[in-house]
Amino acid sequence: MKRIFCLLLCLLCLCPAALAELTAEATVYDFGDFTLEVPAGAVVQEGEKTAGASFFAVYPYYDATQAFNDNYNIVWVPQDFSLLFAQTDANSLAQAQINTNLAAFAAMGVEAANVTLLAADYDESGNNFSYYITMDLDYTGAGLDLQLTLHQVQMYMDLGDEAGYIFSFAARDAETLEALIACADTMKLA
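What comes next concerns the included structure.

What the three strands build is an open sheet, ordered S1-S2-S10; its pairing is antiparallel. The sheet is open, and its two borders are formed by strand S1 (27-30) and strand S10 (188-189), each paired with just one other strand. By the bridge criterion, two bridges tie strand S2 (residues 34-38) to S10 in an arrangement that is antiparallel. Bridge assignment links Thr35 to a residue of S10, and that residue is Lys188.

Below you can see the structure in the form of structure tokens.
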């Protein structure tokens, strides 16, 4: 499991060819704390930077005929994650986040099965936490004819006293998930 996680984290550093193409046709978004390049042609949804809510979502391969589109989004959290990171091991923190997500799915009428935590870890600095899960989702109970296996990575970035960000990457397969995560390699801290 650690190998899968390490491979995903390496993607943040090892995609120069893909990033060269991305940079040539990308739009740069400035969030104050960092900038991020979004590939040309991607559908972007921007909102207000509100505590705990997604304010920026990107659908690089958007297809209006699909009920689900691979995506990544950003949530701003006005808290310092370092205390939480220092008190909780990576697997326990990942499981707590998974339980929160599963409760949200259940409240929407979405059934989740085969939930598997593939990896969870802190980076060497201790300022970033990531986990990778897969699960089978059935949206029938929510009124949608949609069943899929979801591959998801969530990355928590601590910026100290001021705030932190949660990046969520969601795709139907591991290869597309890797491509979404590679987009985050264009991030530059302010």
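Further notes follow.
The phi angle of most residues is negative, glycine excepted, and most peptide bonds adopt the trans form. Positive phi is not limited to glycine here, since Asn114 has a value of about 55 degrees. Looking at the element boundaries, Asn114 is found in strand S6 (residues 111-122).

Turning to helix H5 (residues 174-183), its buried residues number three or more, namely Thr176, Leu177, Leu180, Ile181, Ala182 and Cys183. Measuring from the side-chain oxygen of the N-cap residue of H5 to the backbone nitrogen of Glu175 gives 3.2 Å; that N-cap residue is Asp173.

By the secondary structure assignment, Glu46 is in strand S3 (residues 43-46). Relative accessible area serves as the criterion here: at 58%, Glu46 is assigned to the exposed category. With twelve residues separating them in the primary sequence, Glu46 and Val58 have C-alpha atoms 8.9 Å apart. Beyond its immediate sequence surroundings of up to four residues, Glu46 is in contact with Tyr29, Phe55 and Phe56.

Spatial ordering of the open sheet is given by S3-S4-S5-S9-S8-S7-S6, a layout of seven strands whose pairing is antiparallel. The sheet terminates laterally at S3 and S6, the two strands that pair on one side only. For this sheet the average axis-to-axis angle between neighbouring strands, irrespective of direction, equals 15 degrees. Alignment of strand S4 (residues 54-59) against strand S5 (residues 71-77), held across four bridges, turns out to be antiparallel. Looking at the pairing, Ala57 lines up with Asn73 of S5. The sheet contacts of H5 involve S5, strand S7 (128-138), strand S8 (147-158) and strand S9 (164-171), and relative to S9 the element is tilted by about 150 degrees.

The rules behind the values
- Along each chain, residue indices are assigned from 1 in the same order as the chain's sequence is written.
- Reporting in this predicted model follows two pLDDT cut-offs: at least 70 for local features of residues, and 80 or more for side-chain atom pairs to be given and counted; totals over whole chains, interfaces and linings ignore these cut-offs and use all residues.
- Side-chain descriptors were evaluated using all non-hydrogen atoms of the structure, hydrogens and water having been removed beforehand.
- Each pair of strands is called paired provided DSSP finds at least two bridges between the two strands.
- Helix and strand labels come from DSSP, where a helix needs a run of H or I of at least four residues and a strand needs a run of E of at least two; each type is numbered from the N terminus.
- Only protein chains enter the area calculation, which uses a 1.4 Å probe; residues under 20% of their type maximum are buried, those over 50% are exposed, and those in between are partly exposed.
- Polar contacts here mean pairs of N or O atoms no more than 3.5 Å apart (in protein, one a potential hydrogen donor and the other a potential acceptor; neighbouring residues in sequence count only if both atoms are side-chain atoms).
- Whether two residues touch is decided by their heavy atoms; if any such pair falls within 4.5 Å, the residues are in contact.
- Under this scheme, a helix contributes an axis fitted over its contacting stretch, all axes are lines through C-alpha atoms, and angles between N-to-C directions fall in the 0 to 180 degree range.

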